[in-house]
Amino acid sequence: MSIVRTGQATAEDGVYLSWTVKGNGIPFVCCNGVGVSTFFWKYIAESLSDRFAILTWDYRGHGDSDRDLDPLNADMSIKRHAKDLMYVLKDAFPDYDEGILLIGHSMGCQVNLEAYRTLQGRVLGIFHLLGTAGNALSTFGGFEYSPQVFRAVRRLVLKLGHRSNQIIHPLLLSPIAWPFTSKLALVDPIYTKYDDFIPYLEHLATIDMRLFMNAIWSIQEHSAWDLLPQIECPVLVIAAERDDFTPISCAQKITNTIPDASLVVLADGSHAALIEQPEIINYHVNKVLKRLSLLND
């Protein structure tokens, strides 16, 4: 049975950040998507925690981390999350300054790239799942006007103030939320289990929508495209055929720009492929780990 440790790191501004480590060995750091807590990493943890120390953690304003934030003025930038990760690593592995592995989903890919700027020589490999390298709304859904549409939605949510929570939170918790999500193929209705996805809706219903909108806008303002040619470790990029959030073209551009990168495209997968096709993802992750001599056959 894998050993489980939990704790709370504290950033320089006093915000506390909740973390959990399952297993022992080289740290395998998991960075969540926006509005998501740690539940999407369950299959990665089950697969690898007998050989690695799987670190999951919550961004400020998310999950079990500090929620006492000003929804209008809290810093929810990618650079802030990457800086918070440094505090988490130091708290979770206080005497460890050797190699680590980074895996990110959606926004977590951008957080990992920004963290790489600080960690660089310590990063043994990066696993880039269903995300881009910056300016994410510019390619959202393949719709060129996505940033303008989202800007208008964000402006409306901020104008409504707390009333936006009173309107949106009940909808996320209503009986129609899951059928609506699966019917529109925002997740794959065949591969996605209800019990795996419903925690996302429940968690999102606890986040102030103003904070959430500002967090989403941060993925548009951030860019690490300039960093990609400088990345020296192996990078596995995983995209999904039916990802309406991050098109395959982003994954192709990333793969073509990083010197040592490989691309896997999941057939029929959506943006939630992390919980839809975990066996296939774990298989390709294991292939890279074997190449790095971190995993035996």
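Structure first, text after, so check above.
Residues numbered from 1 in each chain as written. Predicted model: local features only at pLDDT ≥ 70, side-chain atom pairs only at ≥ 80, totals over all residues. Heavy atoms only, no water.

*Asks:* How should the packing of helix α2 (residues 78-92) against helix α3 (residues 107-119) be read in this particular structure?
*Replies:* The geometry of a pair of packed helices is captured by two quantities: the angle between their axes and the separation between those axes. One can describe the packing of α2 onto α3 by two numbers: an axis separation of 8 Å at closest approach and a directional angle of 65°. Remark: the crossing between α2 and α3 carries right-handed chirality. The residues of α3 that touch α2, namely those facing Ile-78, Lys-79, His-81, Ala-82, Leu-85, Met-86 and Leu-89, are Met-107, Gln-110, Val-111, Glu-114, Ala-115, Thr-118 and Leu-119. Taken together, the residues that form the contact of α2 with α3 break down as nine nonpolar, three polar and two charged. (Axes fitted to C-alpha atoms, helices over the stretch in contact; angles between N-to-C directions. Helix = DSSP H or I, 4+ residues; strand = E, 2+ residues; numbered from the N terminus. Left-handed = near helix turned anticlockwise from the far one by under 90°. Contact = heavy atoms within 4.5 Å. Nonpolar A, V, L, I, M, F, W, Y, C, P; charged D, E, K, R; others polar.)

*Asks:* So what exactly am I meant to see when it comes to the environment of Phe-150 here?
*Replies:* One can find Phe-150 in helix α4 (residues 146-160). Sequence-distant contacts of Phe-150, that is, excluding residues within four places in its chain, are made with Leu-137, Met-213, Ile-216 and Trp-217.

*Asks:* Please explain the sheet that holds strand β2 (residues 16-22) as it appears in this structure.
*Replies:* If you walk across this open sheet you meet the eight strands as β1-β2-β4-β3-β5-β6-β7-β8, and the pairing is mixed. With partners counted over all chains shown, the strands left at the sheet margins are β1 (4-10) and β8 (261-266), one partner each. Taken pair by pair, the neighbouring strands of this sheet meet at an average axis angle of 20°, ignoring direction. Pairing of strand β3 (residues 27-31) with strand β4 (residues 53-57) involves four bridges; the strand directions are parallel. Residue pairing across strands places Phe-28 opposite Ile-54, the latter belonging to β4. α3 contacts β3, β5 (100-105) and β6 (123-129) of the sheet and is inclined by roughly 150° relative to β5. (Pairing = 2+ DSSP bridges.)

*Asks:* Honestly, the packing of α4 against helix α8 (residues 209-221) in this entry has me stumped. Any pointers?
*Replies:* Close contact between α4 and α8 brings their axes to 9 Å; oriented N to C, the two are set at 155°. With respect to each other, α4 and α8 are oriented roughly antiparallel. Crossing of α4 against α8: the hand is left-handed. When α4 is examined against α8, the residues Pro-147, Phe-150, Arg-151, Val-153, Arg-154, Val-157 and Leu-158 are found in contact with a partner set consisting of Met-209, Arg-210, Met-213, Asn-214, Ile-216, Trp-217 and Gln-220. Its residues assigned to classes, the contact of α4 with α8 shows nine nonpolar, two polar and three charged. (Parallel < 35°, antiparallel > 145°, perpendicular 65-115°, else oblique.)

*Asks:* Quick question: what am I supposed to make of the side chain of Arg-60 here?
*Replies:* When you line up the elements, Arg-60 lands in the loop between β4 and α2. A polar contact of 2.8 Å, which involves the side chain of Arg-60, links it to the side chain of Asp-84. (Polar contact = N/O pair within 3.5 Å; in protein donor to acceptor, adjacent residues only side chain to side chain.)

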